Amino acid sequence: MSIYDSLNEQQREAVFHTEGPLLILAGAGSGKTRVLTHRVAYLIEEMGVNPWNILAITFTNKAAGEMRERVDKLVEYGAENVWVSTFHSLCVRILRREIEYIGYDRNFTIYDADDQKTLMKDVCRQVGIDTKVYKERMLLSVISSAKDEMLTPDLFEKQAGGDFNQLKIAKVYREYEKQLHANNALDFDDLLLKTVQLFETQPEILNKYQERFRYIMVDEYQDTNNVQFRLVSLLAGKYENLCVVGDDDQSIYKFRGANIKNILNFEQVFPNARVIKLEQNYRSTKTILDAANAVIRHNLGRKDKTLWTENEEGEKIHFSQFDTAYDEAEFVVGDIKKRVGSGMGTYQDYAILYRTNAQSRLFEEKFVTAGIPYKIVGGVNFYARREIKDLLAYLKTIDNGRDDLAVRRIINVPKRGIGLTTINRVQESAQARDIGFYEALQGLDLIPNIGRGASKLESFVALIEHFKLRVEELSISDLLKEIIEETGYIEVLEAEGKEEAEARIENIDELITKVVDYEDSCEEEPTLSGFLEEVALVADLDSLDENADYVVLMTLHSAKGLEFPYVYLAGMEDGLFPSYMTITADSPEELEEERRLCYVGITRAMKDLTMTCAQRRMVRGETQYNKTSRFLKEIPSELLSSGQKVGLFEKKQEEKKENPYFQAKKAFQAKPFSGASSYKSPYNSYGAGGVGFQKGKAFGTPKSGGLDYKEGDRVRHIKFGEGTVQSIVEGGRDYEVTVEFDQVGRKKMFAAFAKLKKVQ
DNA sequence: AATGCGATGCCTTAT
DNA sequence: GCATCGCATT
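What counts as what
- Residues numbered from 1 in each chain as written.
- Chains lettered and ligands numbered in written order.
- Predicted model: local features only at pLDDT ≥ 70, side-chain atom pairs only at ≥ 80, totals over all residues.
- Heavy atoms only, no water.
- Helix = DSSP H or I, 4+ residues; strand = E, 2+ residues; numbered from the N terminus.
- Buried < 20%, exposed > 50% of the residue type's maximum accessible area, 1.4 Å probe, protein only.
- Contact = heavy atoms within 4.5 Å.
- Near = heavy atom within 4 Å.
- Polar contact = N/O pair within 3.5 Å; in protein donor to acceptor, adjacent residues only side chain to side chain.
- Nonpolar A, V, L, I, M, F, W, Y, C, P; charged D, E, K, R; others polar.
- UniProt positions renumbered as here; feature names shortened; annotations may be inferred.
- Domains from an automatic or database assignment.
- Pairing = 2+ DSSP bridges.
- Axes fitted to C-alpha atoms, helices over the stretch in contact; angles between N-to-C directions.
- Parallel < 35°, antiparallel > 145°, perpendicular 65-115°, else oblique.
- Salt bridge = Lys/Arg side-chain N within 4 Å of Asp/Glu carboxyl O.
- Phe/Tyr/Trp six-rings, centres within 6.5 Å; stacked < 30°, edge-to-face > 60°.
- Lys NZ or Arg CZ within 6 Å of the ring centre and 35° of its normal.
- Core = buried A, V, L, I, M, F, W, Y, C linked by side-chain atoms within 4.5 Å.

Asker: Just give me the short version of the overall build of chain A, but keep the residues and values in it.
Answerer: Scanning chain A for helices and strands turns up 32 helices and 23 strands. Buried residues in chain A amount to 55% of all 760 residues. Sequence separation of at least 24 residues holds for 74% of the intrachain contacts in chain A that already meet a minimum separation of 6.

Spelled out as structure tokens, the structure:
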């Protein structure tokens, strides 16, 4: 009896085919992760491959983590030496070692979408381009595709020919690149592109990594773009032990450059490739699978395959149309409550999937009212919030003084009386001398006309220099706390006294917790660069916790790769899903991508699927009237149950305005389900300037040098709910408290920030 | 230099 | 519906 006996014939074939290129066409729910993990095990234990020589690439950190865990369980020893990583983190790891070969510093910063936009705004101003005519978003997306096609500004310009528009964009592209380089920064596309450029220009380095990664596996291969394809081809170029897994029917990222040809033409690119299809589905009921097959059948130009299952028939697919999106949300939330109440699973067995993030609002509101735990995945990334970005900008400035964007972000945050005129003068001077912004600040006397501003700038530089010295002595979390303390960041928020400020403070607490988590879980020596890098590459999805009991809400895109017993597909309306854009674009290809998205959605469900839609809903302040989605009509009616229209009339609109929840909550998501209404913070006493963190009192820990709870006590946290105190460790300037929360598990936090309250 | 106001424009989807 | 931006005010 071996671990491979539990696999079906095709799966086993895929596992045993270890040498040469292999394409696994794995339908939804056909056990591809099982195949991949078993394949790793087989390579190590049966083929004697050194774990060190195996590389597995996934798209999300979550998928990587899952695979790592499963491999660990399967393989007795050496599993930790297998590289399991996302494309982006793989590239960062390589670049951190080798990027000096192509003219960057090893402590480069990574720019996210926000940073890119800010930089682009700067670039446009400098090149003299009106951002109303050429939108930053548009420019960035053109540049992104240029990078995906591996076009340098020079090549891009050449390709533009005489086209006035293209030439202008080429100019922008050139300047954008110049500034990125000057800031020692890379954008997301660069991470991949620079790695490819590194390999293409440094054969000996390429060779090193080819030798290192003799066996390569790529998951979700249908979503790779051109650069990723190039990267994989380069790495696998020597040994060609490349195994890719994908499903052309689940290709849903064309909008960000995914090239479906990578999978459709795999056999042409690698002529001796072996192709194996996994068509048995282990996940869904017959009904669900039939519906999925019926929908996807409408797409042309797909690889021929039909998923089948031995699972039972199961329930019919539920469908209801409602008057308004309010009614829809109310029904879904009520239905989940009813079902869980009657013993159909627990909350974590339920997911609500939708096309756009904006749809989550209504559900959130209903969940809060119903007192049901929920979690919204996606939307505004935690690390994209203002307060978080501010503090990270401090860390970035300390870590990489060349990141002008970061320096300029914080130079007057919190307000220090440094105004735009002063900043511009510094900027001009820096530019004239071809040095960085921060560098210019260090030589203030060389800047003309800053008279009054000089002393303020001086103390800013002194502050940063002080932090730079402290990097050596302090842990990252202590450094962060010192930054908050010395800049008075929280004090300022506190002074605002608004509810919004309070939520921002909570987010800062959470940031500190995340730093501590990083320090604890880091495999190597924790470093500032390391933390910033991790932060730059985490998706919200990565924070999903299978052990917590909450309903999950997310977009269809985020749902790929996941499964839930009970699934609700909400907003099944023409104009929403498929989206208005794809309907009006009149391009069959885009519509097919939407259909694949629908296919992905349906196949997430294991036992039961409910589809809902509304006749009218508010979209951007306007009421929109929608017909039921064309995709719904592609499902044979014998698979559907009811289909009756349920409607509750107008009264709901009034409630909305009075609901206190609306005022309490603005942009913050993933709020406590356990205490949404008790937002009182013990911060009120705070306000006497310059209070340090070590003085716990100011932060709501009553007795100086003591806490009002001890190990074993039950406590309540504003965000995490109730839990039991596991341990209290006295750190240098604060207490480190570990709490086992009922809902979200074990968390380590600082007493000064956690504001834990004892419950009797 | 900071604040406050009205106009504007935008959201599909995300590493 | 909401955030962002430019402008005018103090």
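Asker: Please give an account of the protein's contact with DNA strand B that cites residues and values.
Answerer: The full set close to DNA strand B counts 24 residues, and K135, R137, R355, T421 and M581 are the nearest of them. The sugar-phosphate portion of DNA strand B accounts for 63% of its atoms within 4 Å of the protein, the bases making up the rest. Between R137 and DNA strand B, the recorded distance is 2.4 Å, taken from a side-chain N or O atom to a phosphate oxygen. Taking R256, its side chain carries an N or O atom lying 3.3 Å from a sugar or linking oxygen of DNA strand B. Elements supplying a minimum of two residues to the surface near DNA strand B: α19 (420-433) and α26 (556-559). Ranked by residue count, the leading element in the surface near DNA strand B is α19, at three residues. The residue makeup of the surface near DNA strand B, split by class, is six nonpolar, 12 polar and six charged.

Asker: I'd like a rundown of the UniProt feature "domain: UvrD-like helicase ATP-binding" (unreviewed entry) in chain A, residues and numbers included.
Answerer: UniProt marks residues 5-285 with the feature "domain: UvrD-like helicase ATP-binding" (unreviewed entry), using the numbering shown here. In this annotation, residues 5-285 is assigned 52% helix and 13% strand; the end-to-end C-alpha distance for the span is 24 Å.

Asker: Kindly report on the side chain of R339, identifying the contributing residues and their values.
Answerer: By the element assignment, R339 lies in helix α15 (residues 325-341). Of the residues examined, R339 reaches a relative accessible area of 9% and is grouped as buried. A polar atom in the side chain of R339 sits 3.2 Å from the side chain of D608. Other than its neighbours up to four places away in sequence, R339 contacts H318, M344, Y350, Y566, Y568, D608 and T610.

Asker: Tell me about the domain arrangement of chain A, residues and numbers included.
Answerer: Accessible area lost upon the coming together of the parts is a frequently used measure of interface size. Taken domain by domain, chain A holds domain 1 (9-99 + 192-280), domain 2 (111-183), domain 3 (317-377 + 544-641), domain 4 (382-523) and domain 5 (713-758). Once you take the C-alpha centre of each, domain 3 and domain 4 turn out to be 41 Å apart.

Asker: I'd love a proper account of the sheet that holds strand β3 (residues 83-86), names of residues and values included.
Answerer: Strands belonging to one sheet form pairs held by backbone hydrogen bonds; the direction of such a pair is parallel or antiparallel. Strand order across the open sheet formed by six strands is β3-β2-β6-β7-β1-β8, with parallel pairing between neighbours. A strand with exactly one partner marks an edge of an open sheet, and here the two such strands are β3 and β8 (274-278). Pairwise comparison of adjacent strand axes, ignoring direction, gives a mean angle of 15 degrees for this sheet. Bridge count for strand β1 (residues 22-26) against strand β7 (residues 242-246) is four bridges, and the pairing is parallel. What sits directly across from L23, in β7, is V244.

Asker: Run through the packing of helix α7 (residues 153-160) against helix α8 (residues 164-182), naming residues and quoting values.
Answerer: Their axes nearest at 9 Å, the elements α7 and α8 cross at an angle of 175 degrees. Classed by the angle they form, the pair α7 and α8 counts as roughly antiparallel. Contact residues: P153, D154, F156, E157 and A160 in α7; Q166, L167, I169, A170, Y173, R174 and E177 in α8. Class assignment for the residues of the contact of α7 with α8 results in seven nonpolar, one polar and four charged.

Asker: Residue-level account of the pattern of salt bridges, with values.
Answerer: Counted under the stated rule, the structure contains 47 salt bridges. The salt bridge partner of K396 is D115, with a shortest N-O separation of 3.6 Å. Taken together, the positions of K396 in helix α17 (residues 386-399) and D115 in helix α5 (residues 113-127) put the pair 281 residues apart, joining distant regions of the chain. Neither residue differs from the other here; K396 and D115 are each classed as buried. Residues joined in a network through salt bridges with shared partners are K32, D219, E220, D223 and K560.

Asker: Just give me the short version of the packing of aromatic side chains, but keep the residues and values in it.
Answerer: In the structure shown here, the tally under the stated rule is 17 aromatic pairs. Plain terms: the ring middles of W83 and F213 are 5.1 Å apart, the flat faces sit at 55 degrees to each other, and that makes the pair tilted. On the criterion of sequence distance, the pair formed by W83 in strand β3 and F213 in the loop between α10 (203-212) and β6 (215-218) is long-range, its members being 130 residues apart. Comparing W83 with F213 shows no difference in burial state: the two are buried. Feature note: the residues W83, F199, Y209 and F213 constitute an aromatic cluster, connected by ring pairs. Residue placement shows R96 over the ring face of F108; its charged tip is 4.0 Å from the ring centre. Cation over ring: R408 sits above F437, and NZ or CZ is 5.9 Å from the ring centre.

Asker: Describe in detail the environment of Q228, supporting the description with residues and values.
Answerer: With respect to the helices, strands and loops of the structure, Q228 is situated in helix α11 (residues 226-236). Expressed as a C-alpha distance, the spacing of Q228 and F87, which sit 141 residues apart in the sequence, is 7.6 Å. Once residues within four sequence positions are removed from consideration, Q228 is found in contact with F59, F87, H88, L192 and D223.

Asker: Give a detailed account of the environment of A294, specifying residues and quantitative values.
Answerer: Take A294: it is sitting in helix α14 (residues 286-296). Once residues lying within four places of it in the same chain are set aside, the contact partners of A294 are E634 and P636.

Asker: Any chance you could break down the protein's contact with DNA strand C for me, citing the residues and the numbers?
Answerer: Lining the immediate surroundings of DNA strand C are K121, R361, R620 and G621. Taking all atoms of DNA strand C within 4 Å of the protein, the share assigned to sugar and phosphate is 40%. Side-chain polar atom of K121 to a phosphate oxygen of DNA strand C: 2.4 Å apart, as the coordinates give it. Classifying every residue of the surface near DNA strand C gives no nonpolar, one polar and three charged.

Asker: Give a description of the nonpolar core that names residues and reports values.
Answerer: Among the nonpolar cores identified, the biggest contains 49 residues, and L392, L395, L441, L511 and F531 are the most heavily contacted of them. Per-element tally for this core: the top contributor is helix α24 (residues 499-521), with eight residues. With sequence-adjacent residues up to four places away left out, L511 is seen in contact with F382, Y383, I388, L391, L392, L480 and F531. Core analysis: the second largest hydrophobic core is formed by 43 residues, L23, L25, L206 and L235 among them.

Asker: I'd like a rundown of the pairing of strand β11 (residues 317-324), residues and numbers included.
Answerer: Regular strands have side chains that alternate between both faces of the sheet. Within β11, eight of the eight residues are buried, leaving the element largely enclosed by the surrounding structure. Alignment of β11 against strand β16 (residues 605-619), held across six bridges, turns out to be parallel. The residue bridging T324 from the neighbouring strand is R616, located in β16.

Asker: Describe the environment of D713, naming the residues involved and giving the relevant values.
Answerer: If you trace the backbone, D713 turns up in the loop between α31 (660-664) and β19 (714-717). Classification of D713 as buried rests on a relative accessible area of 11%. Residues D713 and K758 lie 45 residues apart in sequence; the distance between their C-alpha atoms is 7.0 Å. Residues contacting D713, with those up to four places away along its chain left out, are D708, G723, T724, V725 and K758. One polar contact links the side chain of D713 to the main-chain amide nitrogen of K710, over a distance of 2.9 Å.

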